Structures are given as C-alpha cells and as structure tokens.
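# Examining the three-dimensional arrangement
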Amino acid sequence: MDFHALVSEARTCRRFAEDKPLSMADLEWLADCARLAPSARNAQDLRFILVGPGETCTRLFALTRWAGALKDWGGPQPGERPTGFIALLLPAKGNDLHLVDAGIAAQTMQLAAASRGWGCCIMQAFDHQAAPQLLAVPAEYAMTLVLAFGAANEKRVLAPMPTTGNAPYWRDAQGVHYVPKRELKDLVLARY
C-alpha cells in the first residue's frame, strides 16, 4: 500500500470486532515496530506494558474515556470493545524529548496496526491513578498513553474542513465516523 494511503486510512478507531481478538503475539509485533522507530539521542527510554484479551483488558477498558466530541455516545459497547492495549511508559523524571518519543512510538504502532487492517485508538483519557496501579507500573516510570487495539469494526472517512473551521469529528445516522482535515494549502505558511 502507498504510504500516503496508509496514513489516510490510519484514522482513530473506536469500535472493534471483539469476536476477532488480537493475540499477545500481535501486540508484541506492534511494540516491536515501535521499538525500531527513531528515538531522541537513541536513548530508547520508553517501556511498554502489553494487555491481551482477558480480565485485565476488561478492567483497563473500564478506566478509559472515549470520544469526548461525541457527547451522545458512551464509548464502545459490548461486542465492539478493544481486545488489547499497549501502555506507553516514560521515565518518571523524563523530559520533553521523551514526549516526542512517545508520539513517534504511538504513531508507529497506529500505522503498523492499519497496515494489517486493525484499529487503534491513542488515548490519554484514562484514569491516571487507577490504570498504573492496575498494571503495576514501576515507580521509576509514568504511564503517558494507552493505545487500544482490535480488529477495526467501523468505517472512518476523511472529510473537508467545515467553513466554520471547527474541527470536531462526527458520525452520521449510519454510524460512519467523519474526521475533518484542513487542506494542505491552508497549512503551508511559506515556501522558499
């Protein structure tokens, strides 16, 4: 697949096919893709906690918050919840470069997931006290992001930015998820 097409397809996914769970080997493959991504100063300070299908996955799901812009939607219902999570950990005494590394790792895993037809939701909307306790995060690390994964079970479409410039995503009556994107001409400030 063309890389531009892959990036276009790698939209945030919030509904999954629970009857097609990802395996621990699938989650390990995703973490391995992130491991190979660039890292500031090649420090490779990020750590991962993999959560496959089962009780811990169910308990972690309960500690996440979904789609703040969709006020009338309470998140994935039974049957459409993620079947795996990867928690991204930074050194507790980290710096701004660690945040850049976390973004690179998260995007790498999202693109890797899309390359296999899986969905991914990168989120910081989780209980920042209970989730690290559930996953027994070591004291020298801080949980910065949680990535939810599963077989994608929703249609996601790029849409033109509304003339208002207001960028929230929305769903139509058929449940198709629309993500408005600004035109490149509106983002490039200069060419030299």
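Residues numbered from 1 in each chain as written. Predicted model: local features only at pLDDT ≥ 70, side-chain atom pairs only at ≥ 80, totals over all residues. Heavy atoms only, no water.

## Comments concerning the sheet that holds strand β3 (residues 118-123)
Across the sheet, which stays open at both edges, the four strands sit in the order β1-β2-β4-β3 with antiparallel pairing between neighbours. The open sheet has two edge strands, β1 (47-51) and β3, and neither has a second partner. Each neighbouring strand pair of the sheet contributes to a mean axis angle of 20°, computed without reference to strand direction. Relative to strand β4 (residues 141-151), strand β2 (residues 84-91) is paired through eight bridges, and the arrangement is antiparallel. Bridging across to β4, Phe 85 finds its partner in Ala 148. Across the face of the sheet, helix α2 (residues 24-35) comes into contact with β1, β2, β3 and β4 while running at roughly 160° to β1. Packed onto the sheet, helix α4 (residues 96-115) meets β1, β2, β3 and β4 and runs at close to 160° relative to β2. (Pairing = 2+ DSSP bridges. Helix = DSSP H or I, 4+ residues; strand = E, 2+ residues; numbered from the N terminus. Axes fitted to C-alpha atoms, helices over the stretch in contact; angles between N-to-C directions. Contact = heavy atoms within 4.5 Å.)

## Structural notes on the sheet that holds strand β5 (residues 156-160)
Across the sheet, which stays open at both edges, the three strands sit in the order β5-β7-β6 with mixed pairing between neighbours. Edge positions in the sheet fall to β5 and β6 (170-171), since each has one partner strand and no second. Across two bridges, the pairing between β6 and strand β7 (residues 177-181) is antiparallel. Directly across from Arg 171, in β7, lies its bridge partner His 177.

## Quick word on unusual backbone geometry
Positive phi outside glycine occurs at Arg 41, with the angle close to 55°. The topology assignment puts Arg 41 in the loop between α2 and β1. Relative accessible area serves as the criterion here: at 57%, Arg 41 is assigned to the exposed category. The residue Ala 67 is not glycine, and still its phi comes out positive at about 50°. Mapped onto the secondary structure, Ala 67 falls in the loop between α3 (55-61) and β2. (Buried < 20%, exposed > 50% of the residue type's maximum accessible area, 1.4 Å probe, protein only.)

## A few points about the packing of aromatic side chains
Two aromatic rings are characterised by how far apart their centres lie and by the angle between their planes. Counted according to the given criterion, the structure contains three aromatic pairs. When the ring of Phe 16 is compared with that of Trp 66, the centres are 6.4 Å apart and the planes differ by 75°; the resulting orientation is edge-to-face. Linking Phe 16 in the loop between α1 (3-9) and α2 with Trp 66 in the loop between α3 and β2, this pair joins segments that are 50 residues apart in sequence. In terms of burial, Phe 16 and Trp 66 fall into one category: buried. (Phe/Tyr/Trp six-rings, centres within 6.5 Å; stacked < 30°, edge-to-face > 60°.)

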